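Overview (structure and organization)
Given next are the chains, with one letter for each unit.
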Amino acid sequence: MADPDLASPLIQHQTSDQQEVVISIDVDGDDSGLDLPAVGKPVCEENHDSRVSRGFEFDHLNPSNPFGFLSEAEPPVLGPTTVDPFRNDTPGVCGLYEAIKIVICLPIALVRLVLFGASLAVGYLATKLALAGWKDKHNPMPQWRCRIMWITRICTRCILFSFGYQWIRRKGKPARREIAPIVVSNHVSYIEPIFYFYELSPTIVASESHDSLPFVGTIIRAMQVIYVNRFSQTSRKDAVHEIKRKASCDRFPRLLLFPEGTTTNGKVLISFQLGAFIPGYPIQPVVVRYPHVHFDQSWGNISLLMLMFRMFTQFHNFMEVEYLPVIYPSDNQKQNAVRLSQKTSHAIATSLNVVQTSHSYGDLMLLNRATELKLQNPSNYMVEMARVESLFHVSSVEAVRFLDTFSSMNPDSSGRVRLVDFLRVFKLKPCPLSKGIFGFIDVDKAGSITFRQFLFASAHVSTQPLFQQICELSFSHCDADGDGYISIQELGDALKHKIPNWNKDEIQGMYSLLDDDKDQKISKNDFLSCLRRIPLLIAIFAPNIVPT
């Protein structure tokens, strides 16, 4: 080992035959006015390079990103969903103990079924009597009609008894209506609405579809229900207006909302809708638990009839209801429903000792659609839709359409799709551009993609500010003669600039894909509709022009 020379500099002066190498460090994407040279370039050469402006011509900007003409950013990378908030742990009868118990309880179940039917019939007749001749449903129900509804409330307690809830443990007390006009609760089963009707006789917010349910529709109309169509922006606004109006008047009953918007298995708390929190009134959270060992009472991946049968054939079903302290919105929170929602959901999750997730009713739609499509392990296709909607403003209906496209690629049992199936569905042939599109989706470079990655990439592309403009520009570029339609010859001419050596069958396949209404011609509406459905195809059609 050479003797150390303390007088010599640690970095020797560079000789003329050496090339200076400078490492470029990207500080979290912050330009800060500094132009740092790229790795391996001499400083003198880098200083003479001009900055490349972002534009439509992306091939020279970032070859690995075929959508650089829209944005140089890549889709966000989020971990896979590891929990299924809708899974019922006991969808079937498991174990000898449960089988023997069901046999023993069958005679009891018959008695309970008779009690259930009689209570439902008496309650229904009492409700019809209370509603008879009542026209002014815009105002609170008259007191004499409310007294008749007490018969129905007693019948609902008998119904709970018939389902095996002989006693229900309560903790805390409901606050007075003038203190907390709005009550919110977690939602696990169809049992909670029955219990709350007996306990509080509130006005509920429910889906419009509930109005057509036999017996149930009549009873909830007597509760002066606020109907809402979750897919209609106008309906949601009208519902919020009604919540404000009824919460502000003490002559109306208190309002009950299930802000999760659907039932879960109670092991997590999914994202809250904001309808209960927009009015800015004090909120009383209520927590419902169903302690169990052998029978999960949650209404998840189990039919209603099976769930009722299992309840009828239990010795006793346990239920606990805890009324939490009232949450008062601060002056800022009256103007910020999100903060009030977060404060309320945190209180409920803490009491339940569960985590909060970004799942929503949209995930249940994806789960049900994956089941309908007979995809293996349907829970693989949940994506925590509340977060997706927040990031990309993609609706649940649009996400289901993306799932339909993804399912046509024949995902394997783990929910992954290979390049060959991706190209088959998109009518593409292997080439650097088509592989670049696949690589753009495959953010973890595993050689296959998941629905979550496909959805994120598609939504990321379709929500870029320039997407609509470039779609229209692409149509004009393909419509060479300007007659408002793209002929198969024009399509072939446009495609050969991006992907060479297309044969007639391949061009015909792409033509059929773009012909959205299947009328054998591609109009502008057809073209734009297809790109909205499959936004990743914009990389194939975007013209290479740089704006001046």
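About the cut-offs
Residues numbered from 1 in each chain as written. Predicted model: local features only at pLDDT ≥ 70, side-chain atom pairs only at ≥ 80, totals over all residues. Heavy atoms only, no water. UniProt positions renumbered as here; feature names shortened; annotations may be inferred. Salt bridge = Lys/Arg side-chain N within 4 Å of Asp/Glu carboxyl O. Helix = DSSP H or I, 4+ residues; strand = E, 2+ residues; numbered from the N terminus. Buried < 20%, exposed > 50% of the residue type's maximum accessible area, 1.4 Å probe, protein only. pLDDT = per-residue confidence, 0-100. Contact = heavy atoms within 4.5 Å.

As recorded in an unreviewed UniProt entry, the chain goes by the name EF-hand domain-containing protein, listed as coming from Eutrema salsugineum. The Subcellular location (unreviewed entry) field of the UniProt record for the chain holds the comment "Membrane". Under the UniProt heading Sequence similarities (unreviewed entry), the entry covering the chain gives this text: "Belongs to the 1-acyl-sn-glycerol-3-phosphate acyltransferase family."

1. Quick look at the pattern of salt bridges
This structure, assessed with the given rule, holds 21 salt bridges. Notably, a salt bridge pairs Asp404 with Arg369, separated by 2.7 Å at the nearest N-O pair. With a gap of 35 residues between them, Asp404 in helix α12 (residues 396–407) and Arg369 in helix α10 (residues 361–372) connect regions that are remote in the sequence. Residue Asp404 is classed as partly exposed on the basis of its relative accessible area, which comes to 28%. A residue is classified by how much of its surface remains accessible, and Arg369, at 25% relative accessible area, is partly exposed. Of the charged contacts in the structure, one is a salt bridge between Asp516 and Arg533, with a shortest N-O distance of 2.9 Å. You can see Asp516 sitting in the loop between α18 (504–514) and β13 (522–523) and its partner Arg533 sitting in helix α19 (residues 524–533), a full 17 residues away along the chain. A relative accessible area of 30% places Asp516 in the partly exposed class. On the accessibility criterion, Arg533 (29% relative accessible area) is partly exposed.

2. Regarding the confidence of the model for the chain
The share of residues in the chain with pLDDT of 70 or more is 87%, and the mean pLDDT across the chain is 84. Scored below 50 in pLDDT, residues 1–62 makes 55 contacts in the model with residues more than four places away or belonging to other chains.

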